[in-house]
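A look at the structure
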Amino acid sequence: MERTCPLCNGFINDSPPCPTCQGNMENQGRLVDFMGDYIAYLDYEGTKLIDHDPDSLESHTCVHLFYCPECEATNNVSVKEMIR
Ligand SMILES: [Zn+2]
Ligand SMILES: [Zn+2]
């Protein structure tokens with residue numbers, strides 16, 4: 001039994017509305033991958049985001065980072081993984 005994130009695999013292309021301007025947010029990929037690249041540049045408030053969803057392994061969710069090009073807001077969204 002294998003669990004896979006539908007968003008990582010392109011099965012769905014959902015993006016939540018921006019909480020600030022209701023515009024379309026862009027999927028920036030998995031939060032952990034994003035943080036891996038940029039963690040060196042983040043301050044303490046930023047690094048706290050890594051613990052945003054400490055249960056992600058147990059609950060089988062994949063946390064994605066979304067970015068709004070309109071107002072530059074970011075949003076973390078937990079995507080439930082599928083069993084295939
Ligand atoms: Zn994913
Ligand atoms: Zn926005």
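All right, on to the confidence of the model for the protein chain then. Confidence along the protein chain averages 78 in pLDDT terms, with 69% of residues attaining 70 or more. Within the model, pLDDT remains below 50 along residues 42-48, and this stretch shows four contacts once partners closer than five positions in the same chain are excluded.

What follows covers the side chain of H64. Along the chain, H64 falls in strand β3 (residues 61-67). Apart from residues lying up to four places away in sequence, H64 is in contact with C5, L7, C8, N27, G29, R30, L31, N75, N76, V77 and V79.

This next bit is on the sheet that holds β3. Here we have three strands laid out as an open sheet, ordered β2-β3-β4, and antiparallel in their pairing. Edge positions in the open sheet fall to β2 (26-30) and β4 (74-80), since each of these has one partner strand only. Averaged over all adjacent pairs, the angle separating strand axes in this sheet is 35 degrees, with direction ignored. Across seven bridges, β3 lies against β4 in antiparallel orientation. Directly across from V63, in β4, lies its bridge partner S78.

Turning our attention to the coordination of the zinc ion (ligand 2). Coordination of the zinc ion (ligand 2) by the protein involves C18 (SG), C21 (SG), C68 (SG) and C71 (SG), with metal-donor separations of 2.3 Å. Around the zinc ion (ligand 2), the four donor atoms are arranged such that angles at the metal cover 102 to 124 degrees; this shape is classified as tetrahedral. Positions of the donor residues of the zinc ion (ligand 2), expressed as sequence spacing, correspond to C-x2-C-x46-C-x2-C. Within this pair, whereas C21 is found in the loop between β1 (3-4) and β2, its partner C68 is found in the loop between β3 and β4, the two being separated by 47 residues in sequence. Since its relative accessible area comes to 34%, C21 is described here as partly exposed. Assessed through its relative accessible area of 0%, C68 is described here as buried.

Quick notes on the rules
Residues numbered from 1 in each chain as written. Chains lettered and ligands numbered in written order. Predicted model: local features only at pLDDT ≥ 70, side-chain atom pairs only at ≥ 80, totals over all residues. Heavy atoms only, no water. pLDDT = per-residue confidence, 0-100. Contact = heavy atoms within 4.5 Å. Helix = DSSP H or I, 4+ residues; strand = E, 2+ residues; numbered from the N terminus. Pairing = 2+ DSSP bridges. Axes fitted to C-alpha atoms, helices over the stretch in contact; angles between N-to-C directions. Donors = N, O, S within 2.8 Å, 3.2 Å for Na, K, Ca; no water. Tetrahedral: all angles 85-135°; square planar, octahedral: opposite > 155°, others 65-115°. Buried < 20%, exposed > 50% of the residue type's maximum accessible area, 1.4 Å probe, protein only.

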